[in-house]
Structures are given as C-alpha cells and as structure tokens.
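Per-entry structural report
These are the residues of each chain, in order.
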Amino acid sequence: MHPFLDLPMHVSAQWRRAPYALALLACAAPAALIAQPGRGGGGGAGGAGAAAGGASPSNALPALPKGPRAMMLRDWYRVANLSNPAVSPDGKRIAVTVTRAVEADNRRHSEIWVVNAAGGEPQRWTSPSTESSNPRWSADGKYLFFTSQRAGGTGNTWAIRLDQPSGEAIQVGDYPNGSMPSDGSFAVFTDAGRPAPTAPSPDPFGQMQPMARPPFEAITRPSVSARFDGRHVVDMSYKVNGVGFVPGRRVARTWRPTQIARQPIGDTTKKVITSTAYSHRGPVVSPDGKWIAFTADSRLRPDSVVDRERDSLATLPYNKVRDEAERNDADIYIIDANGGTPRKLTDWMGAESQITWSPDGKQIAFIGRPGRTKNSNIYVVDAAGGTPRALLGNWQYEPGNFDWLPGGIQFTAEIGGRSAVLRADMSGKSLPTELVSGRRQLRGASYDESGKTLAYVATSMNKPTELFVASGDGTGERQLTNFNKDVNADVVWSDAERITYKSVGNLEIEGWLMKPYGYEAGKKYPMVIYIHGGPHSSYGEGWFDEFQNLAAQGMFVLFTNPRGSSGYGAPFTYSTRGRWGMEDYQDLMKAVDIVSVRADVDSTKMGATGGSYGGFMTTWMATKTTRFKAIETDRTITDWTYWYGSSDAQGLTEFEFYGKPWDNQKLYDELSPIRYVNKVKTPMLIVQSEEDHRTPMGSAEIWFMSLKKQGVPVELIRYPRSNHDLSRTGEPWLLVDRLGRLRQWFGYWLQGVQPGAVAN
Ligand SMILES: CC(=O)N[C@@H](C)C(=O)N[C@@H](C)C(=O)N[C@@H](C)C(=O)O
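Residues numbered from 1 in each chain as written. Predicted model: local features only at pLDDT ≥ 70, side-chain atom pairs only at ≥ 80, totals over all residues. Heavy atoms only, no water.

A few words on the sheet that holds strand S35 (residues 601-611). Pairing is mixed across the open sheet formed by eight strands, whose spatial order is S30-S31-S34-S32-S35-S36-S37-S38. The open sheet has two edge strands, strand S30 (496-502) and strand S38 (714-719), and neither has a second partner. Each adjacent strand pair in this sheet contributes to an overall mean axis angle of 20°, direction not counted. Relative to strand S31 (residues 508-514), S30 runs antiparallel, the two sharing seven bridges. Residue pairing for S31: Ala 496 is matched across the bridge by Met 514. Each of strand S32 (525-531), S35, strand S36 (630-634) and strand S37 (684-689) is contacted by helix H7 (residues 613-624), which is oriented at about 135° to S35, the strand it contacts most. (Pairing = 2+ DSSP bridges. Helix = DSSP H or I, 4+ residues; strand = E, 2+ residues; numbered from the N terminus. Axes fitted to C-alpha atoms, helices over the stretch in contact; angles between N-to-C directions. Contact = heavy atoms within 4.5 Å.)

The following block contains the structure:
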C-alpha cells in the first residue's frame, strides 16, 4: 500500500481512472437480466449515449459523424472501460465489470458481463437500472457474487444463483466472503466486533448537522445550536479528498481490535475465535483447514499502545536517526484454525502483505518490503518457520499481485510503462520469466482453480480496454470482447513512439511521443508535454483520453516518466527525495530538448500541462523557462507550506522533505513556485475543483492573482461538485468540458485557433 494514503503503491497515472467512483443507486434488479451486446436495453457494447432521453443539454447535440476521423469530445462518452475480470472455478466463464458513461444523464454506469472462455457473445448479467461491479465466483460454483447497493439489503454483497434457475440478485447469509480451505467447508475473515454498549445519554446537540456538533472535548459550544450550521473541528483528519468533511468523535476514543472469525458454508452462525487487544490482519486459512496465518503488530501490543506511540512520535520534530531507521511494524503469525495462542512465523524487518499458503500447505509466500525506500519482493518461508527467501533476487522491478498456482507462483508487475504477467523462479536463482507481455498494460490477472485458464483486461496506446483469455502459462492468448468496436471504427486513435534517453547522472528515462491526428510527413506540428502527478505514479502503454484529446487537436503529445515515477524500482521512485523540481525537472526538459529538434516538431509552438504534482511541475517550469508558449496547470500546488496545512496528505512532504515545514522551512520555501512567480511570462490556464481536499484551491487562487497582477494572460476554471479526481472520475459533463478547455487553450496559443472555433 502507499505509505501516505490508502492507495496501492504502483498507481499508473492513466489507470487511476479505472475504479470509477460509483454513484450506486438503490434499485432492485429486474428478472431476465441477460442481454446481448449492442441489442439495446440500457446500452450495448460501444453504444453512445445509451440512456433514454429526458430533457438535457446533450439531447440538443447533433449525432456524431461516422469515421474514420479524429476523436471528438463526445466520443469520450462512448468508450467502455473493463475491469476486475474473474474466471469461474471451472475455467469455463469469465465475468468482468463494464463501465461506461451515460451522456444524457451525466453519470457513469457499471454492469457485470459474462463471456464464455471459449468465446462467443458476452452477456449482461446485472440490471441496467442498478450499479454492479467487482464480480467473484463462489468456490463451489453456486454463486456469482458482486458489489452493489440495492434497496432492502444489508451490506453491499449480492449474488446471482448459478446452480438452479435464477431471477433477481439475492443476498445470502450462509455464504461468507473470506479465505477458504481446499474443501470449501468454511470461510475465515476479520471481524471488527461491536462497540461496547453505553448508557444512552440525552444529546443536547443531537438535532445539529454532524459537522456542526461540538466534538468530544471541544471547549466551545454553539450559542444557540439551532442557529449554527458551520463546521466545528478539533481532530487533525477532518477532511478527505473524495469523501468530504469528516465529523469529529463525539465520545472518548475506544479501540475495537479486529478479531478472526470463521463461519461454515451453508450456515449463518459466525464464531469469533480470537479475543485480543491487538488487531489481526489479512487472515488466510491453510489448504487443509487446520491453520490460519495473519499479520499483526510485531510485538502483539494492544492497538491502543501502537496508536498512541505513533501519534506521539508524529508530534516530534524530524530526527534522522529515529525517522530513517528501519522498522519492524508487523510480522506473520499462525494460529490453530479453532483459536488458541498464535506462533510467530518469523521475525522479518519491514512490512508483509498478501500472505498466501502453498497448495500443499507446507510453505507461506508474502510480499515483503524490507524498508520504506527499498524494493518489495516475493518471499517464501516454511510454514514451520525459518528465514524467508526472496524469489525475485535483485530484479529491478516490483511485484504487484501474485497467485500460488499448482505450477508455482505467478504475478503481475509494472515494468516501466508497461505491465506483464510473470512466473517466479521458485529457487530464487533466476530472474522471473515474462508470460504475457508486450507494449501494453494488463490488469486483474485471474485464474481458474487449476491455474490452466488466465484472464486479464488489457489496453495499449491506441486501444481502449478489452478482455483477454490465455492458457495459465500465457500461451494461446485470445481477445474475448469488443465492447469498444463502434467507437474504434469511427475514431482513429493516435499511436505513440516509445523513446528512452539518458538524463542527469546517466539515468535512463522512458518516454513516449504520440503523433498528431492526420500526421503528414514533411509538416511541422505543435507539441505539448504532459507531466504526471504523485510524484510516485507513471504514464504508460495504455489508451488515455487526455493524450488522445490533444493528439486529435493536431498536436504531438510528449509524456515521460522522470525520476520519482513508480514502476522502475523503489530506488528510482525515491531518488528525488528532498530534490523535487531538480533532476526530475531536468529529465522532463531533456525530453523536450530531444523532441524539439525533430524536423516535424515546431519548437516555437510548445506547451506543457500536468496535474497535482504535475501541476506543481508546470508552475515550476513557468518560473524557469519561457520555452513554452502556453501552459495548463491542473489541481496545482504552488506553495508547499500552504499545501501542507490545507491538504489531506501531509505524510507526503513530511517524508519527502524530511520533516514538517517548521523542521525544514527553507526547503519548503525553495521548492515553492510562488516564491519565483515574478519570473512568469507564459500564458496559463488554471483548472481547479472546488471540493479538492488533496490540492486545495488556495494554490490556484494565489497563482491566478499573481499572474493577473503582473499582466500575464491567465484564466481560472473552477469546477463545482468536483474533487481532486475530476479528470478521472468526475461528473462526465464537467470532465469533458475540461478536455475541451485544454484543446481550446493550446489550440489558441499554439495553433492560432480563435476562441469558439475549436471543434467539439
Ligand atoms: C502517489 C500519490 O497518489 N501520492 C499522493 C500523496 C498524492 O495524492 N499526491 C498528489 C500531490 C499527486 O500528485 N497526486 C497525483 C497522483 C494526481 O494525479 O492526482
């Protein structure tokens, strides 16, 4: 997991859009859910604007012309995104989530579709009137479970019955979700327990909005509670991007350590088998059902002690010896499947996750990260104990998810900007072998019970996501779906050339140059460099609406993964610590140098754009060079001290800048573009979301005002009802509006296209 946030570590800047934020509507699924793609009923494969009309602005828009042609803005609504493939235990069927926008309703919609692994038409299994995602098959093949919020249910797990005629989705209480032994007789999962009952006391503030009520131990009170509807804050984490404002505690802090529970399949009785002051995490049962492995604090200290220690350390100034020391926060333990005293499997420095038993139950594998800035690896240890051994040796890259199949361990990994399915050498002596690879990005490798069938979703530069199947060893790959057939037939998606180049310190940097739509040899075209955020994320070999948008406008799009990006190993990722805007800036400008001397690039018409950390970098660039004729800065950061105080992710700079602003104010200041704003001459478009709690509005506002006061052309677009993820999961109409503004801004400054003349 990401050290600062609840996010997976290797987040591709392009793929962050995939798990669309679902506005799950409460609505029962009608019977006869199965539909053929492209045959109506709420949107077939690739169907544009699938929902039935209602009065909306989009209804007034003319039909999109047939292609082949450049991408138009409204083509965005036509692209289907596939995610979470799941192979049935017998390997015969594959379920997948299909998400697309419903243009007329300004929303996204997700459904579960199922396709035979042997091929054939995919079938829709969930209702077009309800949101459904994340399919998973029960081990005995009786159910297809999926996530949905429907009226009259508890929790968000629903199921379609497979072993008998089935109608609407149901909820089943006797089939718990969790880790199961080979015979599938019971499931093991964590249980947060119930809060201790407290005597109800009258709450004088009970009628107030939750954010307005005086939190626990607050000193001030509303003079008249019915007249105060503001926000009263005493806790540090009072706002979270994508969630909003979070009400504070109203009672003293208590701890509810997670326990391990087990429940027989076909029974509704849950038995909690532990009762400890420490939490159990990620329990997995051995194939023979006798043992449960889990992670917990390395000293099994009560959660209250661990949390208080962490909170008190967090108030101290940065201390190199203490804060850079390697830590052993957690270890793996094994307990009898009926409960008892756990045994520590091994004392291992660092963090363990994804504990997995070998099929014979004799060994345990896990992903281990020996130190915060060190590469993770797959480790294997005897279930009896011993020293874990690394399977990937000194491999440059890091494993994603892995499966221990009958034939060995297979895993996914980011290899720079592409991704692959690989097999580990179980002796740990050789580097892993790529089974499914190529210039593309793969997600969600899923296997049947025997490991003989493998499914994944894949995309490449000019191909939106589709579902693929192959043999377990990666051979015999076949594309199973064509949800984007119609849009692909109309739109000529641009392809990109992969480049690598040596930058400061001889470090190799990977990048791509996407050709403009309608490229003709002998002509010159404007070029825009895109800069990703994080900084620990990456661009890569996948279809990306933003790049296609500007390429369709007739521009080269340059994008690179400067040092600091993820996907090239932890040393590369963390090599910019304390040096943001230094060598990574040079990595970016080096790419501009290389590309700008090409005969087909007009070096007098270059632009730059980027979001979040990329937004910081674009403002930083604006203070350093006038080579760009126009810049767009998105969800920007212009003052790191302001950002530290107003964002929801202080851990990022506390780690990267070696402390809090007052520990290292000089660095926070020196790396803040606002200190040099008097040097900016480049026209800038600023795009910012009103509800962005990751990079709040103040950075954009001060940048806007500073440029205005200096007479530099600047526009600020403030998007309502939007957070940090507007460009990925925001309201479709606003998201597309933003794409249009990018075309217009660069169209005006780089191509001389007059306001209002850029095609939609
Ligand atoms: C990798 C990551 O997400 N890091 C976070 C702490 C983060 O949110 N950083 C932002 C400043 C950022 O740049 N986010 C990127 C990923 C974005 O595009 O939003």
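Summarising burial for helix H4 (residues 545-552): eight of the eight residues are buried, a large majority. Every buried residue of H4 is listed here: Asp 545, Glu 546, Phe 547, Gln 548, Asn 549, Leu 550, Ala 551 and Ala 552. (Buried < 20%, exposed > 50% of the residue type's maximum accessible area, 1.4 Å probe, protein only.)

When its domains are assigned, the protein resolves into domain 1 (79-181), domain 2 (182-192 + 250-390) and domain 3 (508-751). Listed as interface residues are eleven residues of domain 2 and, on the opposing side, ten residues of domain 3. Together, the buried faces of domain 2 and domain 3 total about 790 Å²; carbon and sulfur atoms form 52% of this surface. By the criterion of area lost to domain 3, the three top residues of domain 2 are Tyr 318, Arg 372 and Thr 373, representing 58% of everything that side buries. Linking domain 2 to domain 3 there are one salt bridge. Note that Arg 577 and Glu 324 form a salt bridge whose closest N and O atoms lie 2.7 Å from each other. For the pair domain 2 and domain 3, the interface holds five residue pairs in polar contact (both at pLDDT 80 or more). A class-by-class count of the residues in the side of domain 2 that touches domain 3 yields four nonpolar, three polar and four charged. (Domains from an automatic or database assignment. Buried area = accessible area lost by both parts, 1.4 Å probe. Salt bridge = Lys/Arg side-chain N within 4 Å of Asp/Glu carboxyl O. Polar contact = N/O pair within 3.5 Å; in protein donor to acceptor, adjacent residues only side chain to side chain. Nonpolar A, V, L, I, M, F, W, Y, C, P; charged D, E, K, R; others polar.)

Here the focus is the nonpolar core. As a rule of thumb, nonpolar side chains are buried together in soluble globular proteins. In this structure, Leu 558, Phe 559, Phe 628, Trp 640, Trp 703 and Phe 746 are the most contacted members of the largest nonpolar core, which totals 76 residues. Within the second largest apolar cluster, 17 residues are counted, among which are Val 380, Leu 392, Phe 411 and Ala 420. (Core = buried A, V, L, I, M, F, W, Y, C linked by side-chain atoms within 4.5 Å.)

Glancing now at the UniProt feature "domain: Peptidase S9 prolyl oligopeptidase catalytic" (unreviewed entry) in the protein. According to UniProt, the feature "domain: Peptidase S9 prolyl oligopeptidase catalytic" (unreviewed entry) maps to residues 546-750 in the numbering used here. What you have in residues 546-750 is 45% helix and 17% strand, and the ends, taken at the C-alpha atoms, are 17 Å apart. (UniProt positions renumbered as here; feature names shortened; annotations may be inferred.)

In this structure the tally under the stated criterion is 42 aromatic pairs. Between the aromatic rings of Tyr 143 and Tyr 175, the centroid separation amounts to 5.5 Å while the plane-to-plane angle is 75°, which identifies the pairing as edge-to-face. One end of the pair, Tyr 143, is in strand S7 (residues 143-147); the other, Tyr 175, is in the loop between strand S8 (157-161) and strand S9 (186-191), and 32 residues separate them in sequence. Assessed through its relative accessible area of 5%, Tyr 143 is described here as buried. (Phe/Tyr/Trp six-rings, centres within 6.5 Å; stacked < 30°, edge-to-face > 60°.)

Let's shift gears to the pattern of salt bridges. Under the definition given, this model contains 47 salt bridges. The partner of Arg 301 in a salt bridge is Glu 309, with the nearest N and O atoms 3.3 Å apart. Among the residues examined, Arg 301 registers a relative accessible area of 15% and is labelled buried.

Turning our eyes to something else, we now look at the sheet that holds strand S2 (residues 81-87). Taken in spatial order, the four strands line up as S2-S3-S4-S5 in an open sheet, and their pairing is antiparallel. Two strands bound the open sheet, and with one partner strand each, they are S2 and strand S5 (123-124). Across five bridges, S2 lies against strand S3 (residues 93-102) in antiparallel orientation. Looking at the pairing, Ser 83 lines up with Thr 97 of S3.

For the rest of this paragraph, the subject is the packing of helix H6 (residues 583-596) against H7. Where H6 meets H7, the axes come as close as 11 Å, and the angle between the chain directions of the two elements is 75°. The angle between H6 and H7 places the two elements in the roughly perpendicular class. Residue-level inspection shows Asp 584, Tyr 585, Leu 588 and Met 589 of H6 in contact with H7, the latter providing Tyr 613, Met 617, Trp 620, Met 621 and Lys 624. By residue class, the composition of the contact of H6 with H7 is seven nonpolar, no polar and two charged. (Parallel < 35°, antiparallel > 145°, perpendicular 65-115°, else oblique.)

With that settled, consider the confidence of the model for the protein. Taken residue by residue, the protein gives an average pLDDT of 92. The fraction at 70 or more is 91%. Considering only residues more than four positions removed or in separate chains, one finds that residues 1-11, a stretch of pLDDT under 50, has 32 contacts. Confidence drops under a pLDDT of 50 for residues 16-56, and excluding neighbours within four residues, the segment shows 99 contacts in the predicted structure. Both scores are available for the predicted complex, with the pTM at 0.92 and the ipTM at 0.97. (pLDDT = per-residue confidence, 0-100.)

Let's shift gears to the packing of H4 against helix H13 (residues 732-751). Where H4 contacts H13, the axes come no closer than 10 Å and their chain directions differ by 40°. As summarised for this structure, H4 and H13 are arranged oblique, according to the angle between their axes. Between H4 and H13 lies a crossing whose hand is right-handed. On the side of H4, the interface is formed by Asp 545, Glu 546, Asn 549, Leu 550 and Ala 552, while H13 contributes Leu 735, Arg 738, Leu 739, Leu 742, Arg 743 and Phe 746. Of the residues belonging to the contact of H4 with H13, the class tally is six nonpolar, one polar and four charged. (Left-handed = near helix turned anticlockwise from the far one by under 90°.)

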